[in-house]
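Read off the chains here:
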Amino acid sequence: METKGDIRAVEGLLVAADSPAGRAAAAINDLTMHLPTPAEPGVCPTCVGRFWPCRYFDDAAYRVHTARLRVGDVVPLGLHPRLWPPATPPGPSPGEEHDHG
Ligand SMILES: [Zn+2]
């Protein structure tokens, strides 16, 4: 069975219920249900007609965050730039300095 684009493949796993991931399991499930498909990264397939990230995703991400997990660990890498656009650093970044002398 091979699907391309329409459905995002998911992984089932077991975690200890009293671990941080176990406590956040419901939030992770909710978050995953509201991930966009690879074909349409700007649309939530669960909230029909909603742009992604939808409010349910945001809510689930907040719950994952408050469980002291990193939201980025349960979001596909390809979606990271959409959630966390590369920001221009406020000050001069190290490595930009030119060493004269
Ligand atoms: Zn949604």
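Residues numbered from 1 in each chain as written. Predicted model: local features only at pLDDT ≥ 70, side-chain atom pairs only at ≥ 80, totals over all residues. Heavy atoms only, no water.

## Some points on helix α2 (residues 25-33)
If you check which residues of α2 are buried, you get Ala27, Ile28 and Leu31. On an axial view of α2, the arc spanned by its buried residues comes to 100°, and they lie on one face. Of the surrounding elements, those touching the buried residues of α2 are α1 (20-23) and α3 (55-66). (Buried < 20%, exposed > 50% of the residue type's maximum accessible area, 1.4 Å probe, protein only. Helix = DSSP H or I, 4+ residues; strand = E, 2+ residues; numbered from the N terminus. Arc of directions from axis to C-beta. Contact = heavy atoms within 4.5 Å.)

## Digging into the nonpolar core
Within the largest apolar cluster, 17 residues are counted, with the highest numbers of intra-cluster contacts made by Leu31, Leu35, Trp52, Phe57, Val64, Val71 and Val75. Where this core is concerned, the elements lending two or more residues are α2 and α3. Ranked by residues supplied to this core, first place goes to α3 with 4 residues. Excluding its chain neighbours within four sequence positions, the residues that come into contact with valine 64 are Ala27, Ile28, Leu31, Leu69, Arg70, Val71 and Val74. (Core = buried A, V, L, I, M, F, W, Y, C linked by side-chain atoms within 4.5 Å.)

## Focus: the coordination of the zinc ion
Ideal values differ by geometry: the angle at a metal is 109.5 degrees with four tetrahedral donors, but 90 or 180 degrees with six octahedral donors. Taken together, His34 (ND1), Cys44 (SG), Cys47 (SG) and Cys54 (SG) make up the protein donors of the zinc ion, found 2.1 to 2.4 Å from the metal. Counting the intervening residues between successive donors of the zinc ion yields the motif H-x9-C-x2-C-x6-C. With histidine 34 in the loop between α2 and β1 (43-44) and cysteine 44 in strand β1, the pair connects residues that are 10 residues apart, well separated along the chain. Across the pair, cysteine 44 and histidine 34 agree in class, each one buried. (Donors = N, O, S within 2.8 Å, 3.2 Å for Na, K, Ca; no water.)

## A word on α3
Between its first and last C-alpha atoms α3 spans 16 Å; for 12 residues at 1.5 Å apiece the expected length is 16 Å, and the two agree. Regarding α3, the residues found buried are Phe57, Ala60, Ala61 and Val64. For α3, the angular spread of the buried residues around the axis is 100°, confining them to a single face. Facing away from the buried side of α3 by over 90 degrees, the exposed positions are Arg55 and Tyr62. The inward-facing, buried residues of α3 abut α2 and α4 (80-83). Downstream of α3 by one or two residues, arginine 68 has phi in the positive range, about 70°. (Expected span 1.5 Å × (residues − 1).)

## A few points about unusual backbone geometry
The amide bond that connects tryptophan 52 to the next residue, proline 53, takes the cis arrangement and shows omega of 0°. Tracing the backbone shows proline 53 in the loop between β2 (50-51) and α3. Despite not being glycine, arginine 68 shows a phi value in the positive range, around 70°. Positionally, arginine 68 belongs in the loop between α3 and α4.

## Comments concerning the pattern of salt bridges
Once the charged atoms of two side chains with opposite charge are near each other, the side chains can pair. What the rule picks out here adds up to 3 salt bridges. With a closest N to O distance of 3.3 Å, aspartate 59 and arginine 63 form a salt bridge. A residue pair is termed a helical-turn pair when its members lie 3 or 4 positions apart in one helix, as aspartate 59 and arginine 63 do in helix α3 at 4 residues. Aspartate 59 sits in the partly exposed class, given a relative accessible area of 40%. Members of the salt-bridge network, linked through shared partners, are Asp30, Asp59 and Arg63. (Salt bridge = Lys/Arg side-chain N within 4 Å of Asp/Glu carboxyl O.)

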